[in-house]
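# Architecture and fold: a report
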Amino acid sequence: MPEHEIYMRRCMELAELGMGNVSPNPMVGAVVVLNDKVIGEGYHQKYGEAHAEVNAINQVINRFENYAELLKQATIYVSLEPCAHYGKTPPCADLIIKHQIPKVVVGCRDPFDQVNGKGIEKLQAAGVEVVLGVLEAECKWLNRRFFTRIQKHRPYIILKWAQTADGFFAPADGSQLWITGTESRKLVHQWRSEEDAILVGTKTVIADNPQLNVRYGDGKSPKRVVIDRKLKLNRNLNIFDQSVDTLIFNEVETKIDGKNKYIALEDFGRYVPQYILYQLYMQDIQSIIIEGGAHTLNTFIEAGLWDESRIFTGTANLDEGIKAPQINGIIEEEVLSGTDRLTILVNS
């Protein structure tokens, strides 16, 4: 029904406000409606804190003295199935039942084993009417990172790179070359704040000495992941500055040095991407953005281990150098970022 979609879209708008702050939980928004009017709304703001339904119901309680009567006549919309288990917080399904809210409209089911239909079943068993699947595809896309981690046991993988108009990634000697403009660089920093981790290879660290933070954007800096097989990177480089948790995958040693964690892989052969992703999954890293270099990006592309790629194409030509990665996918979006062209692909 059209009115269901209107309120579910509002749930998704609210849910997105939690981007970068709720992982490894999903982003969820909730709206309480009575007589075609929103009387309360909320979203999951921070991991370990109140869920969306709790915040939406609390807003009703705080705004209206007769909240109990209103909730007994209301409908609550929620972008993801209400939880039915005790985690960091009590079950949201129990809260809905407690306040005798008669109707719940759900965007999509929660794939997590301890929920997955159990929240809906609990509500229905208590006599609550449940409408399921409103804007289901959009709600799943909103939480594609969460769904990927739960269903594929790995983080959601975003590949990002910049290339010249004639398809080159960098000069032949691998030296640093700014291909994109200021607008694109700011956008990349904002993207970093939305993901749990950022990954680069040894050559990128040597060439760029990157900080891999969000100094041109808002939000928190992601965890840093570096592939340094022989541990040959100088410890005075920016990535070892102890400012954020940094994981260094290598074949030499496993140890912890402050916020720098060295993780030795038993085999540095063809399955390195899989080994790294499994280790990240085990540490509750739900999403990762891979920024280079070309060899690292191609390694993940060849393994088929990517979900989304974001490619900036600048206006300059290089004529020769390191070729940009080649990738096939479905074009999700193509827009201008300043003078650069941004193409976003999803893995088919």
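It should be emphasised that the depicted structure is a prediction, and the values quoted were computed from it without experimental measurement.

## A short note on empty space enclosed by the protein
Enumeration according to the criterion identifies one cavity of 30 Å³ or more in this entry. Its volume calculated, the largest cavity comes out at about 110 Å³. Around the largest cavity, the lining comprises 17 residues; the ones closest to its centre are Gly20, Ser23, Met27, Arg145 and Gln286. The residue makeup of the lining of the largest cavity, split by class, is six nonpolar, six polar and five charged.

## Topic: the environment of Glu138
Inspection of the secondary structure puts Glu138 in helix H6 (residues 136-142). The partly exposed category is assigned to Glu138, whose relative accessible area is 33%. Glu138 sits 115 residues away from Ser23 along the chain, and the two C-alpha atoms are 19 Å apart. Once residues lying within four places of it in the same chain are set aside, the contact partners of Glu138 are Arg9 and Met12.

## Quick look at the nonpolar core
Counting 46 residues, the largest nonpolar core has Met8, Val32, Ile76, Tyr77 and Val104 as the members making the most contacts within it. Looking at this core element by element, the count peaks at six residues for helix H1 (residues 2-16). Leave out the neighbours within four places in its chain, and Val104 touches Ile76, Val78, Pro82, Ile96, Leu123, Val128, Glu129, Val130 and Val131. In this structure, Ile227, Val272, Leu305 and Ala324 belong to the second largest nonpolar core, which totals 31 residues.

## Focus on the pattern of salt bridges
Under the criterion given, the structure shown has 17 salt bridges. The salt bridge involving Arg145 is made with Glu195; its shortest N-O contact spans 2.8 Å. Of this pair, Arg145 sits in helix H7 (residues 144-152) while Glu195 sits in the loop between helix H8 (182-194) and strand E8 (197-201), and the two are 50 residues apart along the sequence. An identical accessibility class is assigned to Arg145 and Glu195; each is buried. With its nearest N and O atoms 2.8 Å apart, the salt bridge here joins Arg154 to Asp307. Within this pair, whereas Arg154 is found in the loop between H7 and strand E6 (156-163), its partner Asp307 is found in the loop between helix H11 (294-302) and strand E14 (308-313), the two being separated by 153 residues in sequence. Comparing Arg154 with Asp307, the two get one shared label, buried. One network of salt bridges, in which partners are shared, links Arg10, Glu13 and Glu41.

## Thoughts on the sheet that holds strand E9 (residues 223-227)
Reading across from one edge, E11-E12-E10-E9-E8-E13-E6-E14-E17-E16 is the order of the ten strands in this open sheet, with mixed pairing throughout. Only two strands of the sheet have a single partner each, and these edge strands are strand E11 (255-257) and strand E16 (330-337). Averaged over all pairs of adjacent strands, the angle between strand axes in this sheet comes to 20°, irrespective of strand direction. As judged from the four bridges shared by E9 and strand E10 (residues 246-250), these two strands associate in the parallel manner.

## A closer look at the sheet that holds strand E4 (residues 103-108)
With mixed pairing, five strands are arranged side by side in an open sheet as E2-E1-E3-E4-E5. At either end of the open sheet lies a strand with only one pairing partner, and these are strand E2 (37-43) and strand E5 (129-132). Across the sheet, the mean angle from the axis of one strand to that of its neighbour is 20°, orientation sign disregarded. Sheet topology places strand E1 (residues 29-34) next to E2; six bridges connect them, and they run antiparallel.

Rules of the game
Residues numbered from 1 in each chain as written. Predicted model: local features only at pLDDT ≥ 70, side-chain atom pairs only at ≥ 80, totals over all residues. Heavy atoms only, no water. 1 Å grid on protein atoms, 1.4 Å probe; cavity = no way out; pocket = protein on both sides within 12 Å on 5 of 7 lines; lining within 4 Å. Points joined across faces, edges and corners; volume = space filled by probe spheres on them. Nonpolar A, V, L, I, M, F, W, Y, C, P; charged D, E, K, R; others polar. Helix = DSSP H or I, 4+ residues; strand = E, 2+ residues; numbered from the N terminus. Buried < 20%, exposed > 50% of the residue type's maximum accessible area, 1.4 Å probe, protein only. Contact = heavy atoms within 4.5 Å. Core = buried A, V, L, I, M, F, W, Y, C linked by side-chain atoms within 4.5 Å. Salt bridge = Lys/Arg side-chain N within 4 Å of Asp/Glu carboxyl O. Pairing = 2+ DSSP bridges. Axes fitted to C-alpha atoms, helices over the stretch in contact; angles between N-to-C directions.

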